[in-house]
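Listed below, chain by chain, are the residues.
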Amino acid sequence: MRDYLLTLCVTAAVTYLLTGPVRKFAIATGAMPEIRARDVHREPTPRLGGIAMFFGLCAGLLVADHLQNLNSVFELSNEPRALLSGAALIWLIGVLDDKFELDALIKLGAQMISAGVMVIQGLTILWLPIPGVGTVALTRGQGTLLTVALVVLTINAVNFVDGLDGLAAGMVCIAAAAFFLYAYRLWYGYTIEAAAPATLFAAILMGMCLGFLPHNMHPARIFMGDSGSMLIGLILAASAISITGQVDPDILRLFEGSTREATHAALPVFIPLVLPLTIIAIPMADLFLAIVRRTWNGQSPFAADRGHLHHRLLEVGHSHSRAVLIMYFWSALIAFGTLAYSVHSTSMWIVLGVVLLSAVGLILLLLPRFTPRAPRWAESFVPPRYRRRPVPRMEAVPPVSAHPVEEPAEPSSAAASDRVPVPAGVNGATAIGNRSRFTDRRKAGTPS
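What you see is a predicted model, and the numbers here were worked out from it, not measured in a lab.

Procedures and definitions
- Residues numbered from 1 in each chain as written.
- Predicted model: local features only at pLDDT ≥ 70, side-chain atom pairs only at ≥ 80, totals over all residues.
- Heavy atoms only, no water.
- Axes fitted to C-alpha atoms, helices over the stretch in contact; angles between N-to-C directions.
- Helix = DSSP H or I, 4+ residues; strand = E, 2+ residues; numbered from the N terminus.
- Parallel < 35°, antiparallel > 145°, perpendicular 65-115°, else oblique.
- Left-handed = near helix turned anticlockwise from the far one by under 90°.
- Contact = heavy atoms within 4.5 Å.
- Core = buried A, V, L, I, M, F, W, Y, C linked by side-chain atoms within 4.5 Å.
- Buried < 20%, exposed > 50% of the residue type's maximum accessible area, 1.4 Å probe, protein only.
- Expected span 1.5 Å × (residues − 1).
- Phe/Tyr/Trp six-rings, centres within 6.5 Å; stacked < 30°, edge-to-face > 60°.

K.L.:
Could you give an account of the packing of helix 4 (residues 79–100) against helix 5 (residues 104–120), naming the residues involved and the relevant values?
P.N.:
Between helix 4 and helix 5, the shortest axis-to-axis distance is 8 Å and the interhelical angle comes to 165 degrees. Classified by the angle between their axes, helix 4 and helix 5 sit roughly antiparallel to one another. Helix 4 and helix 5 meet at a crossing whose hand is right-handed. Residues Ala82, Leu83, Ser85, Gly86, Leu89, Ile90, Ile93 and Asp97 of helix 4 pack against Lys107, Ala110, Gln111, Ile113, Ser114, Val117 and Met118 of helix 5.

K.L.:
Could you give me a rundown of the nonpolar core, with the residues and numbers involved?
P.N.:
Judged by nonpolar contacts, the single largest core of 89 residues is most densely connected at Tyr4, Leu57, Leu200 and Leu231. The contacts of leucine 57, once residues within four sequence positions are left out, are Thr11, Leu84, Ala87, Ile204, Met208, Leu231 and Ile235.

K.L.:
Can you lay out helix 8 (residues 196–216) for me, pointing to particular residues and giving the numbers?
P.N.:
Here helix 8 contains 21 residues, and its C-alpha end-to-end distance of 30 Å stays within 8% of the 30 Å for a straight helix at 1.5 Å per residue. Most of helix 8 sits inside the fold, with 19 of its 21 residues counted as buried.

K.L.:
Tell me what's going on with the packing of aromatic side chains, and back it up with residues and numbers.
P.N.:
All told, the structure shown has nine aromatic pairs when counted by the stated rule. With a centroid separation of 5.7 Å and 80 degrees between ring planes, the pair formed by tyrosine 4 and phenylalanine 180 is classed as edge-to-face. Of this pair, tyrosine 4 sits in helix 1 (residues 2–28) while phenylalanine 180 sits in helix 7 (residues 167–189), and the two are 176 residues apart along the sequence. Looking at tyrosine 4, the relative accessible area reads 2%, which means it is buried. By way of ring pairs, the aromatic residues Tyr4, Phe180, Tyr184 and Trp187 are connected into one cluster.

K.L.:
Outline unusual backbone geometry, supporting the account with residue identities and numerical values.
P.N.:
Residue histidine 218 is joined to proline 219 through a cis peptide bond whose omega torsion reads -5 degrees. Here proline 219 shows up in the loop between helix 8 and helix 9 (225–246). Unlike most non-glycine residues, leucine 48 shows phi in positive territory, near 65 degrees. Position of leucine 48 among the secondary structure elements: in the loop between helix 1 and helix 2 (50–65). Leucine 48 sits in the buried class, given a relative accessible area of 3%. A positive phi is found at glutamate 101, a non-glycine position, where the angle reads about 60 degrees. Looking at the element boundaries, glutamate 101 is found in the loop between helix 4 and helix 5. On the basis of relative accessibility, which here comes to 43%, the residue glutamate 101 falls in the partly exposed class.

K.L.:
Give a description of the environment of cysteine 209 that names residues and reports values.
P.N.:
Mapping cysteine 209 onto the fold places it in helix 8. With 156 residues separating them in the primary sequence, cysteine 209 and methionine 53 have C-alpha atoms 7.8 Å apart. Leave out the neighbours within four places in its chain, and cysteine 209 touches Ala169, Val172 and Cys173.

Quick look at the structure:
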């Protein structure tokens, strides 16, 4: 555990220290696209945060290779090299997209090629534990198709939730933490060496997200862009593929009897193996709903809109920070609830705890719809949003002068709204280069 924590800290430190210079580089090279109709920030903000995250990944793998307890991962397995190859390719495509806005089909093809590169080097699904059936061996073609599909789905799910400051990095960090605990339990508790690469990938992924989050929390000074969202999505998928495709469920031997009986009895333990997508259930649900919504409206599944889950939270009335925290809450509840159930499946306390926390989450979701108002005597003890609004007073009309003085004509409301300045420092995009000074998004090139 000490070596994993050291790798995590080094990855986080390198990512954090490089994000500042990368931000200046992004501003200098013009990697600050104009505000789009679906964006929620008010000023152009530099992207290319994935550059710092990729070098954090390289630093984490380099440190782990020189640690005594983790060096065996590189000697006995080719998965770290496969991950680095696929990550380098998807990161390069992401950097080009952040700068030049590549077509969606080009990015989809690059995602499939990156998954194919990992498959060629051995990072693929070889078998699946199916409840009631046992361990099912996959052919090379089946394993390749399943691996590519899992990588593409995970990358796009993470990319879809990257719509609010700190949302994607925080949710992936929560998922990686739950996955790290599960993989470490298999590696250390059951002495399964095949789970060591997945444990290392999850630790490095946590370090990348933790190092980038201080720069990306609201108001964000830099965005990770597609170079970052596709990168962390690929690493998360690689962790799931490694532990699902390389760890034979029969090695656990938790129960005596046939393979079918053992698999069926150990179903709670195999939940993260059979359904690795539960750790990113919220992004996957957002991805599925977006495809259905756009197809139903006659649009392309790749067409951007403002119908994602985080956009709906803002429409309900939540603030930016509260919407992000609510998404964090549900991600942690699903990920760690699944983890707890896989450890103690017979405990009813876990089920009751998940149910109670789900009720709390629903109350938080509906809180803006039912904002209580405190009585008059208690208004001084509660936040301003819970106080009753004061009744506006009628102001006296000034007397009309006999010789009125002509006042300069006031600009129209539309022209006045065009000239409302934005406070300095919004989204941190005021250090270098031109800055938009107006709140009207039409100044940034969006349709009216």
